[in-house]
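Here is how the chains run, residue by residue.
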Amino acid sequence: MHIFSEQKITVKQKEEHSNMLVGSDLLDNVHKIPFFEEDQFSSFLLLVDENVYALYGKRVLSALKKLKRPISVSCIPQGEKSKNFENAGKFLKPFFRSTLTRESCLISLGGGVTTDIGGFFASILLRGIAAVHIPTTLLGQIDAGLGGKSGMDFWASDGLMYKNMIGKIEQPYLVVSDVDTLSSLPPSEIKNGLGEMVKYWAGWGTPSIAQLAKIRDLKGQDAQTRAEIITLCQKIKLDIVKNDPFETKGERQKLNLGHTIGHALEGVAAGKLSHGEAVSIGVVAAAKLSQSIGFLTKEKAYYIEDTITSLGLPTRAEKMQVKKVFSALSFDKKSGTFVLIRDIGKLETGVRVDTTLVRRVLAEIML
Ligand code: NAD
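Residues numbered from 1 in each chain as written. Predicted model: local features only at pLDDT ≥ 70, side-chain atom pairs only at ≥ 80, totals over all residues. Heavy atoms only, no water.

A few points about the sheet that holds strand E5 (residues 130-135)
Either a parallel or an antiparallel arrangement is found when strands of a sheet pair, and the pairing is made through backbone hydrogen bonds. Ordered by their spatial adjacency, six strands build an open sheet running E1-E8-E5-E4-E2-E3, and the pairing between neighbours is parallel. Strands with a single pairing partner mark the edges of an open sheet, and in this sheet they are strand E1 (19-23) and strand E3 (71-76). Going from strand to strand, the sheet's axes swing by 15° on average, the running direction of each strand aside. In terms of strand pairing, strand E4 (residues 105-110) meets E5 through six bridges, oriented parallel. Residue pairing in the sheet places Leu106 in a bridge with Ala131 of E5. Sheet contacts for helix H8 (residues 223-243): E1 and strand E8 (174-178); angle to E1, the most-contacted strand, approximately 165°. (Pairing = 2+ DSSP bridges. Helix = DSSP H or I, 4+ residues; strand = E, 2+ residues; numbered from the N terminus. Axes fitted to C-alpha atoms, helices over the stretch in contact; angles between N-to-C directions. Contact = heavy atoms within 4.5 Å.)

Structure follows, in structure tokens:
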């Protein structure tokens, strides 16, 4: 081996500011949000999924048109399959047909799939342009749309999907959550968001079970109630992201409660389990693992499982093989360790658990 030269430089990471708005009647008034009025953008690139385009696309477009900048639209198929990295070129194409400059702003309108892809595209287009998210699902508003993680999945040749394996952490400039958009969500999507909210309850003790029940019956709740609960969840996530934006201090890992096993289940289910459902089962698995190593009493672990059941969320995975889930687990980015529960609202990160116990718990959460 010959090394003829070595030079080092230290480059300071840029400071990122992210603004989170939660409100109602925002879609038709996007152009009035001060951030857009400042005239800082040369053009807008709108990434939107086909369902959301049909519901809200025209309204957002007509508001954006009032800013008198070129707009290009990339309309992508709905659902997780769009996050397949192989789609990237196809989805980016419409943006190259318009005036794409470093002052362009990429707006993602849709659920977590769209904001994950849009955030990723904004971070790589011209090596980085501004990203704005307008999450329209419950999951997007309480979790996926904020925190700056973006990415796409990688599908291996054996049919296994490796979640979020290609992506970045870069904060969106602005996140606009219009709680009115939640009214058009099908019950399955409310359940999906509720699955992630259960993570906040188990890990931080808030929202309360009563608030979670209000979200389950979301359509009967007024905009202010919705906004209050959503803001509460956002605050938990943002406080953590602020202190550990790049997941280097262990703090941010707490947000992965239920996700290590949840992601593996989601990957093996290949579309048959929503993200929130997978997380909800993942939280039950985390409670069982916590019990197996003495962090939680049997009663507390049951209490967590019972609460999750009472909210109408799944606690078991159907028709899966322990072997397959275990093998998907070993490819998780945080492989080998788990976020476990010491008590409701008290988490412990980086816990190693004997593989025999992991397999036993996986068997317990299979139907
Ligand atoms: P999604 O984006 O696929 O949306 C779910 C469905 O709801 C889609 O069919 C969509 O078309 C439809 N939809 C969206 N808004 C609607 C509305 N207002 N009314 C009616 N239908 C609407 O899924 P999701 O659950 O929002 O997000 C899941 C994704 O988020 C996963 O890929 C997950 O990995 C990712 N995620 C990312 C983070 C992060 O920090 N980046 C966190 C959690 C989850």
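Text resumes after the structure shown.
Concerning the packing of helix H9 (residues 259-269) against helix H12 (residues 322-329)
Following both chains from N to C, one finds H9 and H12 inclined at 120°, their axes separated by 8 Å at the closest point. In terms of their interaxial angle, H9 and H12 are classed as oblique. As H9 packs across H12, the resulting crossing turns out to be right-handed. Each of Thr260, Ile261, Ala264, Leu265 and Val268 in H9 lies in contact with H12, whose residues at this interface are Lys324, Val325, Ala328 and Leu329. Its residues placed into classes, the contact of H9 with H12 shows seven nonpolar, one polar and one charged. (Parallel < 35°, antiparallel > 145°, perpendicular 65-115°, else oblique. Left-handed = near helix turned anticlockwise from the far one by under 90°. Nonpolar A, V, L, I, M, F, W, Y, C, P; charged D, E, K, R; others polar.)

Examining the site of the ligand
Gln78, Glu80, Thr137, Lys163 and Asn192 are the nearest of the 29 residues found near the ligand. Note that a nitrogen atom of the ligand is positioned 2.9 Å from one of the backbone N or O atoms of Lys149. Considered on its own, the ligand offers 870 Å² of accessible surface; in the complex 92% of this is hidden by protein. Of all the secondary structure elements, the ones that give two or more residues to the shell around the ligand are helix H2 (50-65), helix H4 (112-124), helix H5 (138-144), strand E7 (161-169) and helix H6 (187-204). Among the elements that take part in the shell around the ligand, H2 stands out by supplying four residues, more than any other. (Near = heavy atom within 4 Å. Polar contact = N/O pair within 3.5 Å; in protein donor to acceptor, adjacent residues only side chain to side chain. Areas by Shrake-Rupley, 256 points an atom, 1.4 Å probe, with all protein chains shown as cover.)

Digging into helix H11 (residues 298-310)
Here H11 contains 13 residues, and its C-alpha end-to-end distance of 18 Å stays within 8% of the 18 Å for a straight helix at 1.5 Å per residue. Turning to H11, its buried residues number three or more, namely Ala301, Ile304, Glu305, Thr307 and Ile308. Buried residues of H11 fall within an arc of 160° about the axis and therefore sit on the same side. For H11, exposure combined with an orientation more than 90 degrees from the buried face picks out Glu299 and Asp306. Elements that come into contact with the buried residues of H11 comprise H6, helix H7 (209-216), helix H10 (275-292) and strand E9 (337-343). (Expected span 1.5 Å × (residues − 1). Buried < 20%, exposed > 50% of the residue type's maximum accessible area, 1.4 Å probe, protein only. Arc of directions from axis to C-beta.)

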